[in-house]
Amino acid sequence: KELSALAREHDIHLHLDGARLWNACAATGLAPQEYAQYFDTVSICFSKGLGAPVGSAICASKALITKAHRMRKIWGGGMRQAGIIAAGALYALENNRDRIIEDNKKARRFAEIISSITSKVTIDLEAVQTNIVLLNLHDGNDDVSKHIDAIGKKGVRVSEGKKGMLRAIAHLDVTMEQCEEAAHIIANYFA
């Protein structure tokens, strides 16, 4: 709120990268509008969390949308016959928003299992509020990519998070049981 007030005071536009806005709303109980009111533009993603095959949208005032549309045209962006993409996004909005809290619960369970089995990686359980889990490898010089590859060979996909960290994300396409199994695989890998 304070940053938004300061930005408005100095006529600086703020943008909210809302790729995981739905997860934040599920975790806090706040409506998207409560987050968005402090920003001039908000992007939302229909694939991350909601499970649409592809698609994002930008929300803003009519004037800013007109400007964004013009810039998209200048840069050559655009898509013809996008109705099928819009249909997937609409389905995701109408059918998958209420279940996003499940992804947050899966991430939490994943984090709790790893934390209870190994101390070679740590997870800030207070920070696991949505569907993202960061695993701290303790050694900032550690080759994260070797762990990503080794864990991947065991059937679990993780990516690089912040320096010295692995990142795991729970989503629509994985069950609670799969998250629990993945947590055990990772914990045993680091044991």
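Described in the following lines is the structure provided in the data block. Because the structure is a prediction, the values reported are computed rather than measured.

The subject of this paragraph is unusual backbone geometry. A positive phi angle, close to 55°, is found at D11, a residue other than glycine. One can find D11 in the loop between α1 (2-9) and β1 (15-18). A relative accessible area of 64% places D11 in the exposed class.

Okay, the pattern of salt bridges next. Two side chains that carry opposite charge are able to pair once their charged atoms sit near each other. Across all of its chains, the model carries five salt bridges by this definition. In this structure, R108 and E112 form a salt bridge, with 3.1 Å as the shortest nitrogen-oxygen distance. With a gap of four residues between them, R108 and E112 both fall in helix α6 (residues 100-117), about one helical turn apart. On the accessibility criterion, E112 (32% relative accessible area) is partly exposed. A salt bridge links R109 to E180, with the shortest nitrogen-to-oxygen separation between them at 3.2 Å. With a gap of 71 residues between them, R109 in helix α6 and E180 in helix α8 (residues 176-190) connect regions that are remote in the sequence. Note on R109: relative accessible area 34%, which makes it partly exposed. Residues joined in a network through salt bridges with shared partners are R99, D103 and K106.

One can find N96 in helix α5 (residues 83-96). Take N96: its relative accessible area is 11%, and that puts it in the buried class. Setting aside anything within four residues of it in sequence, one finds N96 in contact with L50, G51, Y91 and L172.

Right, let's talk about the environment of R109 for a bit. Considered as a pair, R109 and V128 are 19 residues apart in the sequence and their alpha carbons are 9.7 Å apart. If we skip the residues at most four places from it in the chain, R109 touches M176 and E180.

Within strand β2 (residues 41-45), five of the five residues are buried, which leaves it mostly tucked inside the rest of the structure. Burial along β2 is two-sided: T41, S43 and C45 facing one way and V42 and I44 facing the other are all buried. Pairing of β1 with β2 involves four bridges; the strand directions are parallel. Its bridge partner being in β2, G18 is matched across the sheet by I44. Relative to strand β3 (residues 56-60), β2 runs antiparallel, the two sharing five bridges. Each residue of the ladder has a partner; that of S43, found in β3, is I58.

Here is what the cut-offs are and how they apply
Per chain, the residues get numbers from 1 upward, laid out in the order the sequence is written. At least 70 in pLDDT is required for a residue's local features to be given in this predicted model, at least 80 for side-chain atom pairs to be given and counted, and no such filter applies to totals for whole chains, interfaces and linings, which use all residues. To obtain the side-chain values, all non-hydrogen atoms of the structure were included, while hydrogens and water were left out. In DSSP terms, a helix is any run of H or I states spanning at least four residues, a strand is any run of E spanning at least two, and both are numbered starting from the N terminus. We call a residue buried when its accessible area falls under 20% of the maximum for its residue type, exposed when it is over 50%, and partly exposed in between, using a 1.4 Å probe and counting protein chains only. Basic side-chain nitrogens of Lys or Arg form a salt bridge, by our definition, when they fall within 4 Å of a carboxyl oxygen of Asp or Glu. Only heavy atoms enter the contact rule, under which two residues are in contact if any of them lie within 4.5 Å. Following DSSP output, two strands are said to pair if at least two bridges run between them.

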